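# What the coordinates show
One-letter residues, chain by chain:
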Amino acid sequence: MPKLGLIAGNGRFPFLLLDAARAHNLTVVVAAINEETDPEINTRASADPSIHLHWLSLGELSRLIETFHTEGVTQAVMAGQVKHKQIFSSIRPDWRLAKLLLNLRTRSTDMLLGAIAKVLADEGIELISSTTYLEPLLAKAGVLTQRAPDDEEEKDITYGRTVAQAIAAYDLGQTVVIAAQACVAVEAMEGTDATIARAGELFRTIDIADAANSSRSTLRRSLTVIKVAKPNQDMRFDVPVIGVATIRAMQAAGATCLAIQAGKTLLFDPAAIITAADQAGIAIVAN
């Protein structure tokens, strides 16, 4: 049977891709990362002999290559986030990863993952698009929820897309949070949900100050979240992803609208996302 290598990061993405690959009757060789992968992967592997599970540390690039060579893997996919801040953690890079890190011009996400992809390719392992088996989960264009964005949210989306595309071009992040055509928060290493939470916390401090002064700004303070793909998005890694947790984070922060990029954003469990958004009164639009 054909084999697919799966480099599994955190979250549900690896499990979705694993299900899709098995539905295509592929044997899946999972390289699970000690620092990131959900241990539930053990249960999945023990129940399916066509899932070959190998645990390794984030710093063990040589061992990853050796594992795929031993298993006969010539195509692999990355699924699930590996937190960018891990490069500053206590992981011990092997000689191959240490050499790669030393030779990088910058340590942005694209630069780091692109270098790893090149090392894999040099070893006869092609890294393919993370959406190869998940095309039905890519956002379709249009309003996805019962409620469409209102006029003020549309203005925030227009402005926010300009800001988000600018920061994405520098590989800084893919998400911005906007209110009344002002940028409230910009994503960096912390991730989308943490960026949304930071924006909500900022507005809570304003509410506290207003309450103390018995005053209220005339500017509307609902938050709009905009998430975009990079201008030259490499679909092999760092593809924009939205899950129910994103909707929960927006609800907690007081965000009322989410704008994403059609055809470039993966929706994990679209029905559950839309149901959660409708229940919270959140508008979702994909363009």
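Note that the coordinates shown come from a computational prediction; the quantities given were computed from them, not determined experimentally.

With that out of the way, let us pick up the environment of Thr224. Considering the arrangement of structural elements, one finds Thr224 in strand 9 (residues 223-227). C-alpha of Thr224 to C-alpha of Val184: the two residues are 40 residues apart in sequence and 9.6 Å apart in space. Sequence-distant contacts of Thr224, defined by excluding residues within four places in its chain, comprise Glu153, Asp156, Ile157, Val176, Val177, Ile178 and Cys257.

Moving on, we get to helix 1 (residues 13-23). When we look at burial in helix 1, the residues that qualify are Phe13, Pro14, Phe15, Leu17, Leu18, Ala20 and Ala21. Looking one or two places after helix 1, you find Asn25, whose phi comes out positive at around 65 degrees.

Right, let's get into the packing of helix 3 (residues 61-71) against helix 5 (residues 109-122). When two helices pack together, their arrangement is captured by the angle between the axes and the distance separating the axes. At their nearest, the axes of helix 3 and helix 5 sit 11 Å apart, and the two run at 40 degrees to each other. When the axes of helix 3 and helix 5 are compared, the pair comes out oblique. In this structure, helix 3 meets helix 5 at a crossing whose hand is right-handed. The residues of helix 5 that touch helix 3, namely those facing Leu61, Leu64 and Ile65, are Ile116, Val119 and Leu120. When the residues that make up the contact of helix 3 with helix 5 are grouped by side-chain class, the tally is six nonpolar, no polar and no charged.

Turning to the sheet that holds strand 11 (residues 255-260), a few remarks are in order. An order of 6-13-11-9-7-8 is seen for the six strands of this open sheet, with the pairing classed as mixed. Every other strand in the sheet has two partners, leaving strand 6 (142-143) and strand 8 (182-186) as the edge strands with one partner each. The pairing of strand 7 (residues 175-179) with strand 9 spans four bridges and is classified as antiparallel. Bridging from a neighbouring strand, Val177 pairs with Val225 of strand 9. In this fold helix 6 (residues 151-169) packs onto strand 7, strand 8, strand 9, strand 11 and strand 13 (283-286), with an angle of close to 145 degrees to the strand it touches most, strand 7.

So, on to unusual backbone geometry. With glycine set apart, most residues show a phi of negative sign, and most peptide bonds adopt trans. Notably, Asn25 is not glycine yet its phi reads approximately 65 degrees, a positive angle. Along the chain, Asn25 falls in the loop between helix 1 and strand 2 (27-33). The phi angle at Ala180 is positive, at roughly 50 degrees, despite the residue not being glycine. Mapped onto the elements of the fold, Ala180 is located in the loop between strand 7 and strand 8. Exposure remark for Ala180: the relative accessible area of 25% places this residue in the partly exposed category.

Cut-offs applied
- Residues numbered from 1 in each chain as written.
- Predicted model: local features only at pLDDT ≥ 70, side-chain atom pairs only at ≥ 80, totals over all residues.
- Heavy atoms only, no water.
- Helix = DSSP H or I, 4+ residues; strand = E, 2+ residues; numbered from the N terminus.
- Contact = heavy atoms within 4.5 Å.
- Buried < 20%, exposed > 50% of the residue type's maximum accessible area, 1.4 Å probe, protein only.
- Axes fitted to C-alpha atoms, helices over the stretch in contact; angles between N-to-C directions.
- Parallel < 35°, antiparallel > 145°, perpendicular 65-115°, else oblique.
- Left-handed = near helix turned anticlockwise from the far one by under 90°.
- Nonpolar A, V, L, I, M, F, W, Y, C, P; charged D, E, K, R; others polar.
- Pairing = 2+ DSSP bridges.

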